[in-house]
Amino acid sequence: MVNARSRAGVDATRLHTNVDLMTTIATTGSSPINVVWNFPFITDEDENATAHEILIRDTFQSVKLLFEIMLPIIAMHGNFFCLGLQGDQLSRWNVLKSAWAVGWKLHAWDNFCYNDFPGYVPRRLNGEAFPVGSTRFYVFKYDKQY
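Within each chain, residue numbers correspond to sequence positions counted from 1 in written order. Only residues with pLDDT of at least 70 get local features here, since the model is predicted, and only at 80 or more are side-chain atom pairs given and counted; chain-wide, interface and lining totals rely on the full set of residues. Excluded from the side-chain calculation are hydrogens and water; included are all heavy atoms of the structure.

Quick one: what's the story with unusual backbone geometry, residue by residue and with numbers?
We note that Phe39 has phi near 55°; this positive angle belongs to a residue other than glycine. We note that Asn94 has phi near 55°; this positive angle belongs to a residue other than glycine. Think of it this way: any DSSP run of H or I at least four residues long counts as a helix, any run of E at least two long counts as a strand, and we number them from the N terminus. Within the secondary structure, Asn94 is located in the loop between helix 3 (89–92) and helix 4 (95–101). By relative accessible area, Asn94 is classed as partly exposed at 30%. Think of it in three bands: residues with accessible area under 20% of the maximum for their type are buried, residues over 50% are exposed, and the middle band is partly exposed, with areas taken using a 1.4 Å probe on protein chains only.

Written out as structure tokens, the structure is:
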């Protein structure tokens, strides 16, 4: 992946206000940008589906606003928001409902095998590795006309 950057400790619900992130995007030129979040998780709140739904919805909104703010700089097409999820998180956290509520459409999905990425280990916010199983990667596209 060309120009891929990983960021830790960033509030996913406030990406559109992150000056450092917007500066980094601006310096990459007019290339499309993709935001990828593998295994979103609220620390110590594994079973709190409502809190996760709010987190995901607010993140969809923030990525949408980030793309709209950066539109004069980034390419008009090819900007995606991608989520790596486990098991029934897509339905339990109402991810599709949250996406549709702010103008995102499911573009594609596939099984996600993190072993295909040497050196990648899924970790919680505190750095603890966690087991993954039944994982899928979902790709969403923002549609301003939606």
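The rest of the description comes next.
Explain the pattern of salt bridges residue by residue, including any values.
Salt bridges are defined by distance alone: a side-chain nitrogen of Lys or Arg within 4 Å of a carboxyl oxygen of Asp or Glu. Summed over the entire model, instances satisfying the criterion amount to two salt bridges. The salt bridge involving Asp58 is made with Arg57; its shortest N-O contact spans 3.2 Å. For Arg92, the salt bridge identified is with Asp88, shortest N-O distance 3.0 Å. Relative accessible area serves as the criterion here: at 28%, Arg92 is assigned to the partly exposed category. For Asp88, a relative accessible area of 42% gives the class partly exposed.

Talk me through the packing of aromatic side chains; I want residue IDs and the actual numbers.
Any two of the Phe, Tyr and Trp rings considered here, Trp counted by its six-membered ring, make a pair once their centres fall within 6.5 Å; the pair's planes then place it as stacked at under 30 degrees, edge-to-face at over 60, or tilted in between. On inspection of all chains with the given rule, the structure shows eight aromatic pairs. Aromatic side chains Phe60 and Trp104 sit 5.8 Å apart centroid to centroid with 50° between the ring planes, which places their arrangement in the tilted category. Taken together, the residues span a long stretch of sequence, with Phe60 in helix 2 (residues 49–70) and Trp104 in strand 3 (residues 104–111) at a distance of 44 residues. Residue classification places Phe60 among the buried positions, given a relative accessible area of 0%. What makes Trp104 buried here is its relative accessible area of 0%. Ring geometry for Phe112 and Phe137: centres 5.7 Å apart, planes at 25°, overall stacked. Of this pair, Phe112 sits in the loop between strand 3 and strand 4 (135–142) while Phe137 sits in strand 4; the two residues are 25 residues apart in sequence, bridging distant segments of the chain. Three or more aromatic residues joined by ring pairs form one cluster here, namely Phe60, Phe67, Phe81, Trp104, Phe140 and Tyr142. Only lysine NZ and arginine CZ atoms are considered, and such an atom sits over a ring when it is within 6 Å of the ring centre and within 35 degrees of the ring normal. The ring of Phe80 carries the charged tip of Lys141 above its face, separated from the ring centre by 5.1 Å.

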